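Observations on the three-dimensional arrangement
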Amino acid sequence: AMFAGNIDDCFRLGLAVGRNTVKLYSEFYKSDIILASPLGLRTIIGAEGEKKRDFDFLSSLELLVVDQADVFLMQNWEHLTHVFHHLHHQPQDSHGVDFSRVRLWALNGWGQYYRQSLVFSSFPTPEINAVFKKYCLNILSCSLLHSAPHLFLSSCFLNSSGHTMQAR
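This report concerns the structure included in the present document. What you see is a predicted model, and the numbers here were worked out from it, not measured in a lab.

**Observations regarding the overall build of the chain**
Within the chain, the secondary structure is distributed over six helices and eight strands. In the chain, which comprises 168 residues, the proportion classed as buried is 35%. When contacts within the chain are restricted to residue pairs at least 6 apart in sequence, those whose partners lie at least 24 apart make up 53%.

**Structural notes on the sheet that holds strand β2 (residues 22–24)**
Across a sheet, strands are paired by hydrogen bonds formed along the backbone, either parallel or antiparallel in direction. Across the sheet, three strands lie side by side as β2-β1-β3; this open sheet has antiparallel pairing. The two strands at the open ends of the sheet, each matched to only one other strand, are β2 and β3 (33–36). Across the sheet, the mean angle from the axis of one strand to that of its neighbour is 20 degrees, orientation sign disregarded. Of the strand pairs in this sheet, strand β1 (residues 12–17) and β3 are connected by four bridges, and their pairing is antiparallel. Directly across from G14, in β3, lies its bridge partner I34.

**Let's talk about the pairing of β1**
As defined by bridge partners, β1 adjoins β2 across three bridges and the pair is classed as antiparallel. Bridge pairing in β2 places V17 opposite V22.

**Describing helix α6 (residues 126–135)**
The complete set of buried residues in α6 reads I128, V131, F132 and Y135. Each buried residue of α6 sits inside an arc of 100 degrees when the element is viewed along its axis, so together they form one side. Of the exposed residues in α6, the ones pointing more than 90 degrees away from its buried face are P126, K133 and K134.

**Overview of the packing of helix α1 (residues 38–45) against helix α3 (residues 77–85)**
Orientation of α1 relative to α3, taken along the N-to-C sense of each, is 55 degrees, at an axis distance of 9 Å. It follows from the interaxial angle that α1 and α3 lie oblique. Between α1 and α3 lies a crossing whose hand is left-handed. Across from P38, L39, L41, R42 and I45 in α1, the residues of α3 making contact are E78, H79, L80, H82 and V83. Per-class residue counts for the contact of α1 with α3 are six nonpolar, two polar and two charged.

**Describing unusual backbone geometry**
Of note in this structure, H88 is not a glycine but carries a positive phi near 60 degrees. Turning to its location among the elements, H88 is positioned in the loop between α3 and α4 (104–107). A relative accessible area of 14% places H88 in the buried class.

What counts, and at which threshold
- Residues numbered from 1 in each chain as written.
- Predicted model: local features only at pLDDT ≥ 70, side-chain atom pairs only at ≥ 80, totals over all residues.
- Heavy atoms only, no water.
- Helix = DSSP H or I, 4+ residues; strand = E, 2+ residues; numbered from the N terminus.
- Buried < 20%, exposed > 50% of the residue type's maximum accessible area, 1.4 Å probe, protein only.
- Contact = heavy atoms within 4.5 Å.
- Pairing = 2+ DSSP bridges.
- Axes fitted to C-alpha atoms, helices over the stretch in contact; angles between N-to-C directions.
- Arc of directions from axis to C-beta.
- Parallel < 35°, antiparallel > 145°, perpendicular 65-115°, else oblique.
- Left-handed = near helix turned anticlockwise from the far one by under 90°.
- Nonpolar A, V, L, I, M, F, W, Y, C, P; charged D, E, K, R; others polar.

Here it is as structure tokens:
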């Protein structure tokens, strides 16, 4: 059930993974995994003109998963597009990063072309397709998955030439 248990739509959680440990609620700049809702990220990113804004942690994402994108349409879709708009910007501060671990493509500003993006939805919508085509720019391929009415998973593959192919 979608609305069972804790239904808070403003959550954010950083996970730092070590050799033998997993640290919950780690600072985003020290996290390997960030689990967050669009509203949770929006409260950190802030709006244009606000003094306390922070989105440097979104500059080097390698994997982005948007699960149940159709549910975000029922909430405030602008939160999701606001987060997508702030991905892979040049960081304002170094935040104590070890530059020997930074990938060359991230330094060149090509992160959006190397990020793997997975968008899952129960049904296709023009809004989801628009966000997918505007912000999911991986140079190899992109996948947009939605459930077919018969509970089979059909997928729409966008190959490197920009053509859409249907697969079942």
